[in-house]
Amino acid sequence: DAEGTYMREMHSDMTVNGYLSLLSEAAAETEGRCLDLRKQFESYSYLWTTDLCKYFSEFCENAVVVTEHGTKLLDLEKFDSAIKKCMEVQEAVAKFK
């Protein structure tokens, strides 16, 4: 081809067309697999979009119990529950393939 792109020659060569077809199929399959993996991670996007300092500060403000004398104590059950949830998320993410 006069423009130096070799497009006509590539499209008329059966071997080249076969390889182009294989490459296109592989690229489409890879893209589909990447999108599937992305969907798995999207449900956990809060892990990298949450301001952890702000979240922990707000959690600590709400994770208290007030005694009958007005003393504020940490609500250890809320901390245990939050830790358990974090560990469950860690296990779930570790299973991604």
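Presented here is an overview of the structure given in this document.

Criteria and thresholds
Residues numbered from 1 in each chain as written. Predicted model: local features only at pLDDT ≥ 70, side-chain atom pairs only at ≥ 80, totals over all residues. Heavy atoms only, no water. Helix = DSSP H or I, 4+ residues; strand = E, 2+ residues; numbered from the N terminus. Rg over C-alpha atoms; globule rule 2.2 N^0.38 Å. Buried < 20%, exposed > 50% of the residue type's maximum accessible area, 1.4 Å probe, protein only. Contact = heavy atoms within 4.5 Å. Patch = residues over 30% accessible without salt bridge, like charges linked within 9 Å, V, L, I, M, F, W, Y side chains within 5 Å. Areas by Shrake-Rupley, 256 points an atom, 1.4 Å probe, with all protein chains shown as cover. Salt bridge = Lys/Arg side-chain N within 4 Å of Asp/Glu carboxyl O.

### Examining the overall build of the protein
Line of reasoning, step 1. Of regular secondary structure, the protein possesses five helices and two strands.
Line of reasoning, step 2. Of the regular secondary structure in the protein, the N- to C-terminal order runs α-α-α-α-β-β-α.
Line of reasoning, step 3. The C-alpha atoms of the protein give 28 Å as radius of gyration, which overshoots the globular expectation for 97 residues (13 Å, by more than 25%).
Line of reasoning, step 4. With the C-alpha coordinates aligned to their principal axes, the bounding extent of the protein is approximately 90 × 30 × 10 Å.
Line of reasoning, step 5. Taken over 97 residues, the protein has a buried fraction of 6%.
Line of reasoning, step 6. Contacts in the protein between residues at least 24 apart in sequence constitute 30% of all its contacts with a sequence separation of at least 6.

### Observations concerning a nonpolar patch on the surface
Line of reasoning, step 1. Residues Tyr-46, Leu-47 and Trp-48 make up a contiguous nonpolar surface patch of roughly 320 Å² in combined accessible area.
Line of reasoning, step 2. Looking at the element boundaries, Leu-47 is found in helix α3 (residues 46-49).

### A look at the environment of Tyr-6
Line of reasoning, step 1. Within the element layout of this structure, Tyr-6 appears in the segment before α1 (7-12).
Line of reasoning, step 2. According to the relative accessible area criterion, Tyr-6 is exposed, its value standing at 54%.
Line of reasoning, step 3. Sequence separation between Tyr-6 and Lys-84 is 78 residues, and the spatial gap between their C-alpha atoms is 61 Å.

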